[in-house]
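Observations on the three-dimensional arrangement
Here is what each chain is made of, one letter per residue.
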Amino acid sequence: MDLMKVVEKEFTPEINVPEFNSGDTITVHYKIKEGNKERIQQFRGTVIQKKGEGATRTFTVRKMSGAVGVERIFPVTSPFIDKIEVNKHGRVRRAKIFYLRKLTGKKARIQEKRY
Amino acid sequence: MPGLIGKKIGMTSIFDADGKNVPCTVIQAGPCVITQVKTVSNDGYAAVQLSFDDKKEKHTTKALMGHFKKADTEPKRKVVELKGFVKDWKLGDVITVDYFKDDIWLDIVGLSKGKGFQGVVKRHGFSGVNDATHGQHNRLRAPGSLGASSYPSRVFKGMRMAGRMGGNRVKVLNLKIMKIMPENNLLLIKGSVPGSIGSYLIIEK
């Protein structure tokens with residue numbers, strides 16, 4: 001698999017992604033192209049999983065838009081990500097917090113990490 | 001068709017110039033050594049024999065070893081004869097991935113993954129019985145009728161039934177070259193390619 005690494009190295013740009021984990025609240029500043037114009041949209045929510053390795057890493061952010069849950073999967077190496085802001089570090093006991101999908105309201109809160 | 005021998009290395013995805021995430025297959029294409037040149041005057045047809053991927057001498061038969069010695073190369077694992085080369089290649093010449101540098105589209109031949117003994121739903125795309133209830137019991141993926149009864153009193157040849165699937169020679173046409181990396185003889189192809197990782201491919205121009 002060494003040759004695989006050669007390829008991934010070639011296509012993984014040097015990116016400044018802050019350290020975050022499942023349970024953290026982050027804001028993804030995302031570039032959107034409309035015709036010739038480019039604007040930046042923010043997507044703020046909880047990270048519910050990080051997946052993959054190398055050039056194909058992704059993370060999933062979940063937020064509640066009114067009463068409807070919205071999830072978005074971002075490739076870490078995507079050229080459309082302007083920047084990622086970490087707002088809160090949450091304390092969760094597993095790497096994939098899909099149980100959050102069934103919870104709403106007060107039950108869906110995540111305790112903030114204390115250092 | 002002229003081409004090279006390659007090896008499937010794996011799959012990944014890259015972002016192209018438009019920012020689209022494109023699935024890619026990584027192929028090690030060459031370097032291939034020419035171990036025999038067949039000519040019309042000598043063999044009745046023109047072709048070139050290519051060899052790829054080093055192996056140890058102790059794993060090579062003496063007959064093949066003499067063949068490789070003639071071309072003055074290390075013994076190779078995969079030997080393939082291809083026709084239609086435009087350039088006159090000489091014995092012992094090495095073709096690298098640069099051979100494809102002017103191309104946009106390639107065809108790739110590989111041996112598809114073996115699927116074992118499969119039923120008609122997977123093997124021939126039958127729809128099965130589309131009911132789980134109404135007395136179906138154990139006939140959900142059954143083929144149905146094989147034909148009429150007393151006339152013709154037999155099953156026609158070529159009736160699609162269950163059996164061994166996969167492990168066939170498959171050619172995929174018009175695969176786009178995404179990138180050529182000459183320092184490692186690597187080729188990035190858009191989409192997938194038949195066969196498992198590490199299997200040999202014939203990359204045709």
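First things first, this report covers the structure right here in the doc. (Residues numbered from 1 in each chain as written. Chains lettered and ligands numbered in written order. Predicted model: local features only at pLDDT ≥ 70, side-chain atom pairs only at ≥ 80, totals over all residues. Heavy atoms only, no water.)

Examining the overall build of chain A
For chain A, the helix and strand inventory stands at one helix and five strands. Dimensions of chain A along its principal axes, counting C-alpha atoms only, are 45 × 40 × 25 Å. Going through the 115 residues of chain A one by one, you find that 31% of them count as buried. Restricting the contact set of chain A to residue pairs at least 6 apart, pairs at least 24 apart contribute 52%. (Helix = DSSP H or I, 4+ residues; strand = E, 2+ residues; numbered from the N terminus. Buried < 20%, exposed > 50% of the residue type's maximum accessible area, 1.4 Å probe, protein only. Contact = heavy atoms within 4.5 Å.)

Some details on the overall build of chain B
Along chain B, the regular secondary structure elements total three helices and twelve strands. Relative to a compact globule of 205 residues, whose C-alpha radius of gyration would be 17 Å, chain B shows 23 Å and is clearly more extended. The C-alpha extent of chain B, read off along each of the three principal axes, is 70 × 50 × 35 Å. Counting the 205 residues in chain B, one finds 37% classified as buried. Residue pairs in contact within chain B that sit at least 24 positions apart in sequence constitute 67% of those at least 6 positions apart. Charged side chains of chain B number 33 positive and 18 negative; the gap between the two group centres comes to 11 Å. (Rg over C-alpha atoms; globule rule 2.2 N^0.38 Å. Lys, Arg positive; Asp, Glu negative; His and termini not counted. Charge placed at Lys NZ, Arg CZ, Asp CG, Glu CD.)

Things to note about the pairing of strand 11 (residues 186-190) of chain B
Residues and elements named next belong to chain B. Counted residue by residue, strand 11 has four buried out of five residues, so it is predominantly covered. In the sheet, strand 2 (residues 21-29) pairs with strand 11 via five bridges, with the strands oriented antiparallel. Residue pairing in the sheet places Q28 in a bridge with L186 of strand 11. (Pairing = 2+ DSSP bridges.)

Some words on a positive patch on the surface
A cluster of basic residues, B:K113, B:K115, B:K122 and B:R141, forms a positive patch on the protein surface. With respect to the element layout, B:K113 can be found in the loop between strand 7 (105-111) and strand 8 (116-118). (Patch = residues over 30% accessible without salt bridge, like charges linked within 9 Å, V, L, I, M, F, W, Y side chains within 5 Å. Areas by Shrake-Rupley, 256 points an atom, 1.4 Å probe, with all protein chains shown as cover. Salt bridge = Lys/Arg side-chain N within 4 Å of Asp/Glu carboxyl O.)

Notes on the side chain of B:D107
Residues and elements named next belong to chain B. With respect to the helices, strands and loops of the structure, D107 is situated in strand 7. No salt bridge is formed by the buried D107. Its closest oppositely charged neighbour is K171, at 5.0 Å. Here N174 takes part through its backbone nitrogen, which lies 2.9 Å from a polar atom of the side chain of D107. Setting aside chain neighbours within four positions, we find D107 in contact with V172, L173, N174, I202, I203 and E204. (Polar contact = N/O pair within 3.5 Å; in protein donor to acceptor, adjacent residues only side chain to side chain.)

Here's the deal with the interface of chain A and chain B
Frequently, the measure chosen for interface size is the accessible area that the parts lose on association. Every contact between the two is made by 15 residues of chain A and, on the other side, 17 residues of chain B. Roughly 1300 Å² of surface becomes buried between chain A and chain B when both sides are summed, with 77% attributable to carbon and sulfur atoms. Broken down residue by residue, the surface that chain A buries against chain B is led by A:L3, A:M4 and A:F11, which jointly contribute 41%. Run the count over chain A and chain B and you get zero salt bridges. Linking chain A with chain B are one residue pair in polar contact (both at pLDDT 80 or more), by the criterion used here. Among the elements that line the side of chain A that touches chain B, the one with the most residues is helix 1 (residues 2-11) of chain A, at seven residues. For the side of chain A that touches chain B, the per-class residue count stands at ten nonpolar, three polar and two charged. (Buried area = accessible area lost by both parts, 1.4 Å probe. Nonpolar A, V, L, I, M, F, W, Y, C, P; charged D, E, K, R; others polar.)

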